[in-house]
Amino acid sequence: MSDKIKKDQPTRIRLAKAIEKELNYKRFLHSLGVAETAAALAMRYDADVEKAEIAGILHDCAKYMDEKELIGICKKRGVAISDAEYDNPSLLHAKAGAILAQEKYDIDDPEILEAIRNHTTGKPEMSLLDKIIYIADYIEPGRDQAPNLSIVRSMAFEDIDRTLFKILEDILLYLQATGARIDPMTGKTYQYYREELDA
Ligand code: FE
Ligand code: FE
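Values in this document were obtained by computation on a predicted structure and should not be read as measured data.

Definitions and cut-offs
- Per chain, residues are indexed from 1 in the order of the written sequence.
- Chain letters start at A and ligand numbers start at 1, both assigned in the order the entries are written.
- pLDDT decides what is reported in this predicted model: residues at 70 or higher carry local features, side-chain atom pairs at 80 or more are listed and counted, and totals for whole chains, interfaces and linings draw on all residues regardless.
- To get the side-chain values, take all heavy atoms of the structure and skip hydrogens and water.
- A pocket, in this scheme, is an open set of points on a 1 Å grid over the protein atoms alone with protein on both sides within 12 Å along at least 5 of 7 lines, while a cavity is a set where a 1.4 Å probe fits but cannot get out; residues line either one if an atom lies within 4 Å of a point.
- Grid points are joined across faces, edges and corners, and a volume is the space filled by probe spheres set on the points.
- Put simply, DSSP H or I for four residues or longer makes a helix, DSSP E for two residues or longer makes a strand, and each gets a number counted from the N terminus.
- Here the nonpolar group is Ala, Val, Leu, Ile, Met, Phe, Trp, Tyr, Cys and Pro; Asp, Glu, Lys and Arg are the charged ones; every other residue, Gly included, is treated as polar.
- Each metal's donors are the N, O and S atoms within 2.8 Å of it, or within 3.2 Å when it is Na, K or Ca, and because water is not part of the set, sites may look incomplete.
- Burial classes: relative accessible area under 20% of the type maximum marks a residue as buried, over 50% as exposed, and values in between as partly exposed (1.4 Å probe, protein chains only).
- Here, the term nonpolar core denotes a set of buried Ala, Val, Leu, Ile, Met, Phe, Trp, Tyr and Cys residues that are joined through side-chain atoms within 4.5 Å.
- Should any heavy atoms of two residues lie within 4.5 Å, those residues are considered in contact.
- A helix is expected to reach a length of 1.5 Å times the quantity of its residues less one.
- We call two N or O atoms a polar contact when they sit within 3.5 Å, provided that within protein one can donate a hydrogen and the other can accept it, with sequence-adjacent residues counted only if both atoms are side-chain atoms.
- Here an axis means a line fitted to C-alpha atoms, over the contact stretch when the element is a helix, while the angle between two N-to-C directions is reported on a 0 to 180 degree scale.
- Comment on the angle field: the value is read as roughly parallel under 35 degrees, roughly antiparallel over 145, roughly perpendicular from 65 to 115, and oblique elsewhere.
- By convention the crossing between two helices is left-handed if the near helix lies anticlockwise of the far one by an angle smaller than a right angle, and right-handed if it lies clockwise.

Focus: the layout of surface pockets
- For the largest pocket, the calculated volume is near 1200 Å³.
- Residue lining of the largest pocket: 36 residues in total, with Lys 63, Asp 137, Tyr 138, Arg 143 and Ile 171 positioned closest to the centre.
- Listing elements by their share of the lining of the largest pocket, those giving two or more residues are helix H3 (25-45), helix H6 (83-87), helix H9 (128-139) and helix H11 (160-178).
- For the lining of the largest pocket, the element with the most residues is H11, which contributes 5 residues.
- When its volume is computed, the second largest pocket comes out at roughly 240 Å³.
- Considering the residues around the second largest pocket, the lining is formed by 16 residues, among which Glu 85, Lys 95, Arg 117, Thr 121 and Met 185 are closest to the centre.
- Counting residues per element, the ones that place at least two in the lining of the second largest pocket are helix H7 (93-103) and helix H12 (184-197).
- Of the residues that constitute the lining of the second largest pocket, the class distribution is 6 nonpolar, 5 polar and 5 charged.

Thoughts on the coordination of the iron ion (ligand 1)
- Looking at the iron ion (ligand 1), the protein donor atoms are Asp 60 (OD), His 93 (NE2) and His 119 (NE2), and they sit 2.1 to 2.2 Å from it.
- Coordination of the iron ion (ligand 1) draws on donor residues from a single chain, spaced D-x32-H-x25-H in sequence.
- A distance of 3.3 Å spans the gap from the iron ion (ligand 1) to the iron ion (ligand 2), which Asp 60 bridges by coordinating each metal. Of this pair, Asp 60 sits in the loop between helix H4 (49-58) and helix H5 (67-76) while His 93 is found in helix H7, placing the two residues 33 residues apart along the sequence. The residues Asp 60 and His 93 share a single accessibility class, namely buried.

Overview of the nonpolar core
- Counting residues in hydrophobic clusters, the biggest one holds 55 residues, and the most contacted among them are Ile 19, Leu 58, Ile 107 and Ile 135.
- What Leu 58 contacts, discounting residues up to four positions off in sequence, is Leu 15, Ile 19, Ala 101, Tyr 105, Ile 107 and Ile 116.

Considering the side chain of His 59
- Mapped onto the fold, His 59 is located in the loop between H4 and H5.
- Its relative accessible area of 0% is what places His 59 among the buried residues.

Quick word on the coordination of the iron ion (ligand 2)
- Around the iron ion (ligand 2), the protein contributes the donor atoms His 30 (NE2), His 59 (NE2), Asp 60 (OD) and Asp 137 (OD), which lie 2.2 to 2.3 Å from the metal centre.
- All donors of the iron ion (ligand 2) belong to a single chain; written as a sequence motif, their spacing is H-x28-H-D-x76-D.
- On the basis of relative accessible area, His 30 is assigned to the buried category, the value being 8%.
- Judged by relative accessible area, which is 11%, Asp 137 ranks as buried.

Thoughts on H12
- In a regular helix each residue adds 1.5 Å, so 14 residues correspond to 20 Å; H12 covers 20 Å between its end C-alpha atoms and thus fits that length.
- Packed against the buried residues of H12 are H9 and H11.
- Backbone nitrogen of Met 185 and a side-chain oxygen of the N-cap are separated by 2.8 Å at the start of H12; the cap is Asp 183.
- Once H12 ends, the next one or two residues include Asp 198, with phi positive near 55°.

Observations concerning the packing of H3 against H4
- Contact pair H3 / H4: the axes reach a minimum separation of 7 Å and the direction vectors enclose 160°. Taken together, the axis directions place H3 and H4 in an arrangement best described as roughly antiparallel. For the crossing formed where H3 meets H4, the hand is right-handed. On the side of H3, the interface is formed by Ser 31, Val 34, Ala 35, Ala 38, Ala 39, Ala 42 and Met 43, while H4 contributes Val 49, Ala 52, Glu 53, Gly 56 and Ile 57.

The values reported here are purely geometric and, on their own, carry no functional implication.
Below is the structure:
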């Protein structure tokens, strides 16, 4: 954990208060739900509970930005924008969120920033914290739409890699069924874990 976070005593309170002001109430509660679920998963898998909670609180911190703002901040910071992202700029809230977490919320921990950065699409070779945030975002208590939600929720506390793969699979099936454009990174992540797990 970076010195900054330690010294700055109630970081979780400072961040939760800031996020409450930036996001609508539903999304604020979602952020707390992800933080709480991520902390529980961190306890289960021996990850850093404090980092998991902070990444959870902040993961959607750029959600209030409109498409123009999302593209603008990413361009300004030299972040590469893919065709899929130009097509659907809301995907950029993850990359923009990592920028804001650092610049606006003073979080310098690279693991936290990375977990925020890849929480929408995942990526090959995710860290434990990346996986925790990705899964917590999908299963937090406020979620009620995803198929197999109760299965995935209990699986998450048994086998983190199988759970990650199951979520990727369900997301891809859903996107295919609705004809939505699939971000290439989601496909890449799915392929990587399919080989990794020999699924
Ligand atoms: Fe998000
Ligand atoms: Fe989220």
